[in-house]
Amino acid sequence: MLSEHNLSLVEKTAKHANIMIEASGKLVLIHKLLPKLKSSGHKVLIFSQMVRCLDILEDYLVHMRYPYERIDGRVRGNLRQAAIDRFSKPDSDRFVFLLCTRAGGLGINLTAADTVIIFDSDWNPQNDIQAQARCHRIGQSRSVKVYRLITRNSYEREMFDRASMKLGLDKAVLQSMNTKENASNNVRAYSKGSFQ
C-alpha cells in the first residue's frame with residue numbers, strides 16, 4: 001500500500017474529492033444527479049444560504065470540471081452582471097450557477113436554467129420562493145424542475161415543516177383577504193348596476 005506522501009497530486013486530489021463527496025449525503029445526491037442533468041442538456045441553479053456551503057460546492061464543481069458561475073454577497077455590480085450574461089448566452093458552456101439564496105436584488109433573470117437545486121432551505125420560505133423565481137421569469141420556455149435537499153431526522157426537516165406551515169398561513173391570509181375584497185367588489189358592482 002502506498003503511503004500518503006507517495007501519492008501523486010492527481011491521486012491526492014481524487015482522494016480528497018471522494019472524501020468530500022462521501023462526507024455529505026447531499027453531495028452524494030448531487031454527484032449522482034448532475035451527470036444525468038448535464039447529459040440531458042439541462043442547466044442548473046444551486047442555491048445555499050451559506051457562503052461556506054457554496055465554497056464546498058465550488059470545490060466539487062472544479063474537481064468534476066463542470067463549468068460554472070457564482071454569485072454571493074461578495075460579488076458586486078459589473079462582475080455580477082457579467083456572470084449572469086456568461087451563463088445566459090445561448091452558446092454558453094456554463095452548466096451550473098451557484099447562488100447564495102439571499103444574493104441578488106431585483107432583476108436577476110436566469111431563464112437559461114431549467115433546474116433548481118435548493119441545497120439548504122431558508123427559514124423564511126419567501127426567500128426560497130424568490131430563489132426559485134430566478135428561472136421562472138418571463139422568457140422561460142421550458143418547464144422548470146425544483147429539487148429541495150433535506151436531511152432526514154435533522155433540524156432541517158423541522159425547519160422545513162415550520163416554514164411550510166408559515167407559507168400555508170400566509171397563503172390562507174392572502175386568500176381570505178382576496179375573498180373579502182372580491183365580495184366587496186361584487187357588492188359595489190351590484191349596487192352600481194342597480195342605479196343605471
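As shown above, the structure is provided for reference.
First, a word on scope: everything that follows refers to the structure included in this document. (Residues numbered from 1 in each chain as written. Predicted model: local features only at pLDDT ≥ 70, side-chain atom pairs only at ≥ 80, totals over all residues. Heavy atoms only, no water.)

## Some words on the nonpolar core
Inference 1: In terms of nonpolar packing, the biggest core is built from 22 residues, with L34 and Y60 touching the most fellow members.
Inference 2: Sorting the residues of this core by element identifies α1 (9-22), α2 (25-39), β1 (44-48), α3 (51-64) and β3 (96-100) as the ones contributing at least two each.
Inference 3: Aside from chain neighbours lying at most four places away, what touches L34 is V44, Y60, L61, Y66, F95, V96 and I117.
Inference 4: Core analysis: the next-biggest nonpolar cluster, separate from the first, contains 16 residues, L99, A112, V116 and A131 among them. (Core = buried A, V, L, I, M, F, W, Y, C linked by side-chain atoms within 4.5 Å. Buried < 20%, exposed > 50% of the residue type's maximum accessible area, 1.4 Å probe, protein only. Helix = DSSP H or I, 4+ residues; strand = E, 2+ residues; numbered from the N terminus. Contact = heavy atoms within 4.5 Å.)

## Re the side chain of D114
Inference 1: With respect to the helices and strands, D114 occurs in the loop between β3 and β4 (115-118).
Inference 2: Aside from chain neighbours lying at most four places away, what touches D114 is H42, K43, Q140, R142, S143, V144 and K145.

## Here we look at α2
Inference 1: Between its first and last C-alpha atoms α2 spans 22 Å; for 15 residues at 1.5 Å apiece the expected length is 21 Å, and the two agree.
Inference 2: Regarding α2, the residues found buried are K26, L27, I30, L33, L34 and L37.
Inference 3: Once α2 finishes, G41 follows within two positions and takes phi at roughly 80°, a positive value. (Expected span 1.5 Å × (residues − 1).)

## Some points on the layout of surface pockets
Inference 1: The calculated volume of the largest pocket comes to roughly 200 Å³.
Inference 2: Residue lining of the largest pocket: V10, T13, A14, H16, A17, M20, D59, V62, H63 and R65, and that is the complete set.
Inference 3: Looking at the lining of the largest pocket, the elements that each hand over two or more residues are α1 and α3.
Inference 4: Of the residues assigned to the lining of the largest pocket, the class counts are 5 nonpolar, 3 polar and 2 charged. (1 Å grid on protein atoms, 1.4 Å probe; cavity = no way out; pocket = protein on both sides within 12 Å on 5 of 7 lines; lining within 4 Å. Points joined across faces, edges and corners; volume = space filled by probe spheres on them. Nonpolar A, V, L, I, M, F, W, Y, C, P; charged D, E, K, R; others polar.)

## What about the environment of I118?
Inference 1: Mapped onto the secondary structure, I118 falls in strand β4.
Inference 2: Sequence separation between I118 and Q132 is 14 residues; the distance between their C-alpha atoms is 8.4 Å.
Inference 3: Setting aside residues up to four positions removed in sequence, I118 forms contacts with F47, D128, Q132, V146, Y147, R148 and L149.

## Focus: the packing of α1 against α3
Any two packed helices are characterised by the angle at which their axes cross and by the distance between the axes.
Inference 1: One way to put it is that α1 packs onto α3 with a least axis distance of 11 Å and a crossing angle of 135°. Between α1 and α3, the interaxial angle falls into the category oblique. Relative to α3, the crossing made by α1 is left-handed. Between α1 and α3, the residues in contact are T13, A14, A17, M20 and I21 and I56, D59, Y60 and H63, respectively.
Inference 2: Classifying every residue of the contact of α1 with α3 by side-chain character gives 6 nonpolar, 2 polar and 1 charged. (Axes fitted to C-alpha atoms, helices over the stretch in contact; angles between N-to-C directions. Parallel < 35°, antiparallel > 145°, perpendicular 65-115°, else oblique. Left-handed = near helix turned anticlockwise from the far one by under 90°.)

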